[in-house]
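One letter stands for each residue in the lines below.
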Amino acid sequence: MKSLFWSAILLQLFETCWSQFPRPCANSEGLRTKECCPVWSGDGSPCGALSGRGFCADVLVSDEPNGPQYPHSGIDDRERWPLAFFNRTCRCAGNYGGFNCGECKFGYWGSNCAEYRESVRRNIMTMSTTEQQKFISYLNLAKNTINPDYVISTGTRAEMGENGETPMFSDINTYDLFVWIHYYVSRDTFLGGPGNVWRDIDFAHESAAFLPWHRVYLLHWEHEIRKITGDFNFTIPYWDWRDAQSCEVCTDNLMGGRNALNPNLISPASVFSSWKVICTQPEEYNNQEALCNATAEGPLLRNPGNHDPNRVPRIPTTADVEFTINLPEYETGPMDRFANNSFRNVLEGFASPETGMAVQGQSTMHNALHVFMNGSMSSVQGSANDPIFLLHHAFIDSIYERWLRTHQPPRSIYPRANAPIGHNDGYYMVPFLPLYRNGDYLLSNKALGYEYAYLLDPGQRFVQEFLTPYLEQAQQIWQWLLGAGILGAVIAALFAVVIVFTRRKWRRNQKRKRASSFGERQPLLQSSSEEGSSSYQTTL
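Keep in mind that this is a model prediction, so the values were computed, not measured.

Cut-offs and rules
Within any chain, residue numbers begin from 1 and follow the written order of that chain's sequence. For a predicted model such as this one, the threshold for reporting local features is a pLDDT of at least 70, and the threshold for listing and counting side-chain atom pairs is 80 or more; totals across whole chains, interfaces and linings nevertheless cover every residue. In computing side-chain properties, one takes all heavy atoms of the structure into account and sets aside hydrogens as well as water. For the purposes of this entry, the term helix denotes a DSSP run of H or I that reaches at least four residues, the term strand denotes a run of E that reaches at least two, and both are numbered from the N terminus. A helix is expected to span 1.5 Å multiplied by its residue count minus one. With a 1.4 Å probe rolled over the protein chains alone, any residue whose accessible area is under 20% of its type maximum counts as buried; one over 50% counts as exposed, and the rest are partly exposed. Only protein atoms enter the 1 Å grid used here, on which a cavity is any set of points holding a 1.4 Å probe that cannot leave and a pocket is any open set flanked by protein within 12 Å on both sides along at least five of seven lines; residues with an atom within 4 Å of a point are listed as lining. Grid points are joined across faces, edges and corners, and a volume is the space filled by probe spheres set on the points. Gly is placed with the polar residues, together with every amino acid not listed as nonpolar (Ala, Val, Leu, Ile, Met, Phe, Trp, Tyr, Cys and Pro) or charged (Asp, Glu, Lys and Arg). UniProt positions are given in the numbering used here, feature names are shortened, and annotations may be inferred rather than shown by experiment. pLDDT expresses how confident the predictor is about each individual residue, on a scale running from 0 to 100. When checking whether two residues touch, look at their non-hydrogen atoms; a contact exists if any pair is within 4.5 Å. Among the buried residues, those of types Ala, Val, Leu, Ile, Met, Phe, Trp, Tyr and Cys that are joined through side-chain atoms within 4.5 Å form a nonpolar core. In this description, the term disulfide denotes a pair of cysteine sulfurs within 2.5 Å. Any pair of nitrogen or oxygen atoms within 3.5 Å is treated as a polar contact; in protein, a donor-acceptor pairing is required on top of that, and neighbouring residues in sequence qualify only through side-chain atoms on both sides. Only residues above 30% relative accessible area that lack a salt bridge enter a patch, with like-charged residues linked at up to 9 Å and the nonpolar side chains Val, Leu, Ile, Met, Phe, Trp and Tyr linked at up to 5 Å. Surface accessibility follows the Shrake-Rupley procedure with a 1.4 Å probe radius. Residue values consider only the protein chains on display as shielding. We define a salt bridge as a contact between a side-chain nitrogen of Lys or Arg and a carboxyl oxygen of Asp or Glu at a distance within 4 Å.

**Digging into helix H5 (residues 210-229)**
Residues separated by three or four positions in an α-helix point in the same direction, a consequence of the helix having 3.6 residues per turn. Over its 20 residues, H5 runs 29 Å from end to end, which matches the ideal 28 Å to within 8%, given 1.5 Å per residue. Here H5 lies mainly inside the structure; 17 of its 20 residues are buried. Looking one or two places after H5, you find Gly230, whose phi comes out positive at around 75°.

**Describing empty space enclosed by the protein**
Scanning the model with the defined rule gives 4 cavities of 30 Å³ or more in all. Volume-wise, the largest cavity comes out at about 50 Å³. Contributing to the lining of the largest cavity are Phe210, Leu211, His214, Arg215, Leu218, His393, Ile396, Asp397 and Tyr400. Secondary-structure elements contributing two or more residues to the lining of the largest cavity are H5 and helix H10 (388-407). Top element by residues in the lining of the largest cavity is H5. It accounts for 5 residues. A class-by-class count of the residues in the lining of the largest cavity yields 5 nonpolar, 2 polar and 2 charged.

**Digging into the UniProt feature "domain: Tyrosinase copper-binding" (unreviewed entry) in the chain**
Residues given the UniProt feature "domain: Tyrosinase copper-binding" (unreviewed entry) here are residues 205-222 and 386-397. The span residues 205-222 is 72% helix and 0% strand, and its two end C-alpha atoms sit 21 Å from each other. Measuring from the first to the last C-alpha atom of residues 386-397 gives 18 Å, for a span that is 83% helix and 0% strand.

**A few points about the confidence of the model for the chain**
Here the chain shows a mean pLDDT of 89. Residues at 70 or above account for 85%. Scored below 50 in pLDDT, residues 517-540 shows 7 contacts in the model against residues more than four places distant or in partner chains.

**Considerations on the layout of surface pockets**
Computed from the structure, the largest pocket encloses a volume of approximately 930 Å³. Forming the boundary of the largest pocket are 40 residues, of which Asp202, Glu206, Arg337, Phe350 and Val380 lie nearest the centre. Where the lining of the largest pocket is concerned, the elements lending two or more residues are helix H4 (174-186), helix H6 (282-288) and helix H9 (365-373). Here the lining of the largest pocket takes 4 residues from H9, the largest share from any one element. Here the lining of the largest pocket is composed, by residue class, of 12 nonpolar, 18 polar and 10 charged.

**A closer look at the nonpolar core**
Judged by nonpolar contacts, the single largest core of 119 residues is most densely connected at Trp81, Trp239 and Met255. Mapped by element, the contributors of at least two residues to this core are helix H3 (129-143), H4, H5, helix H7 (318-325), helix H8 (343-348), H9, H10 and strand S16 (450-452). When residues in this core are grouped by element, the largest group, 11 residues, is from H10. Listed in part, the 9 residues of the second largest apolar core include Cys37, Cys104, Tyr108 and Cys113.

**Some words on the state of the cysteines**
In the structure shown here, the tally under the stated rule is 7 disulfides. Two residues, Cys25 and Cys36, share a disulfide whose sulfurs are 2.0 Å apart. Residues Cys25 and Cys36 are joined through a disulfide that is right-handed, its torsion about the S-S bond being 80°. With Cys25 in the loop between strand S1 (14-15) and helix H2 (28-33) and Cys36 in strand S2 (residues 35-36), this residue pair connects regions lying 11 residues apart in the sequence. When its relative accessible area of 4% is taken as the criterion, Cys36 is described as buried. Residue pairing for Cys92: its cysteine sulfur links by disulfide to Cys101, the two sulfurs lying 2.1 Å apart. Judged by the sign of its S-S torsion, about -95°, the cystine formed by Cys92 and Cys101 is left-handed. Each member of the pair Cys92 and Cys101 is classed as buried.

**A word on unusual backbone geometry**
What you tend to see is this: most non-glycine residues have negative phi, and most peptide bonds are trans. That bond from Trp81 to Pro82 is cis: its omega, 10°, falls within 30 degrees of zero. Positionally, Pro82 belongs in the loop between strand S5 (54-58) and strand S6 (88-93). Here the bond from Val430 into Pro431 is cis, since omega is 0°, no more than 30 degrees from zero. Its identity is not glycine, yet Asn374 carries a phi of approximately 55°, on the positive side. By secondary structure assignment, the location of Asn374 is in the loop between H9 and H10. For Asn418, which is not glycine, the phi torsion reads 70° and is therefore positive. Note on placement: Asn418 falls in the loop between H10 and S16.

**Focus: the environment of Asn286**
Here Asn286 shows up in helix H6. Accessibility expressed as a relative area gives 4% for Asn286, which makes it buried. Among the polar contacts listed, one links the side chain of Asn286 to the side chain of Asp188, at a separation of 3.0 Å.

**Observations concerning a nonpolar patch on the surface**
A cluster of nonpolar residues, Ile486, Val490 and Leu494, forms a patch on the protein surface that exposes about 280 Å² of accessible area. Structurally, Leu494 can be placed in helix H12 (residues 478-530).

**Considerations on the pattern of salt bridges**
If you walk through the whole model with that rule in mind, you get 36 salt bridges. Glu131 serves as the salt-bridge partner of Lys134, at 3.3 Å between the closest nitrogen and oxygen. Of this pair, Lys134 and Glu131 both sit in helix H3, separated by 3 residues, roughly a single helical turn. Residue Glu131 is classed as buried on the basis of its relative accessible area, which comes to 14%. A salt bridge links Arg344 to Glu331; the shortest N-O distance between them is 2.6 Å. Placement of the pair is Arg344 in helix H8 and Glu331 in the loop between H7 and H8, with a sequence separation of 13 residues. In this structure, Arg344 and Glu331 share a single accessibility class: buried.

What follows is the structure in structure tokens.
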């Protein structure tokens, strides 16, 4: 726990900026000088140096040896990241962040980034209908909004010329920016010649960085959505899929139902039916020796449950999750997909959540959900095209958080050397710029400004998962409630007036009837008295 505390302190002292590639650096000058230290508009100095927000610094990469999985050197721009592009970037001080230190690090707010705020990620199934629809509208806004701060690379560094005379960058919308990032970090390495690639390489999967990398990835995604919507209370919801028998979120009200005419497509009643995917044709890129340039490649595909049942017999269960969390070792053995009894490898889905042993020909846990979706989400490089990716990875991140709280591991358990390339402790996460070290994010989400609703104490959980949705719904319709109340009061008043008026009229009529009846019967009463007879009326 003490190690986690000091990690948090160091993270606060030198927090860097995010995403790939900062627009001010994506030009010939930036490539020629290999410097990405943009000016902060607040004081007109690079990295906000005049205001003490940060400074331009040399990039020092780790020289620890990598594992044997990747035997090449000097042929992939992601090796020794980010030196192929930049060797000087902004290093932000204190709680400052952003590519020019003009923003705040995760979890901090305010002009001086001094206010800590904890946001809560909630179960999408317990959110109010209004909140669910707002989330979907934000996704669609991101899909249709060119990101103002970042661009993507459409060529390798070598293709851009020795001095950057041919910069190859392109605009991209905010949602697809993150699809492209996920593609870029997991793509194959070009070895020269059509189709000549090295496939056993991935800087964010199949080893130790899988969980820290995706944690930072989701935080960036959340941050960008807040910026384009202005909703700084926004958080990514999660889907708790434990023991599910089907895709519970695959409805037209949520992430899109099944198309009745083509089960591989999304229902036309869902906004996602109009989405186009990018970066889904890795073999074509390999044959052309070209990077994905974010050109639309067709509709979003999904056919949940119609996958190979031998590969994924079922969606993971509560028992699977509990077994995984109880594994004490983060990484073991070769630290790749063949590792046994490794928490990371079981959670990622290359090992059994019943025995802990690596399995071939099957996908478990995290991988199982990707295969189960049977569509765009089932291919690693293009999986982020499906927005269910976000819900799924938020829940995976919560399981990672539960493991950290259960075992409270020291920083030293994260592998410093001999992990597959891109996964050592000191390796900077590809392709974020400037830089985040993998080992820095063996860190509780509390230090990063967010929490999961189902991990709160019972009282807080009740408020977040049950009371809050009702209050949000009431807040949305309070005008209608007020109008209905006023209308109801008016109707009730009118009804009361009618009743009172009717009752008074009825009483007057009754009095008249009694008077009329008494006048007719008086002679009979008198007659009866005179005759000395007794009756009910005379006695009364």
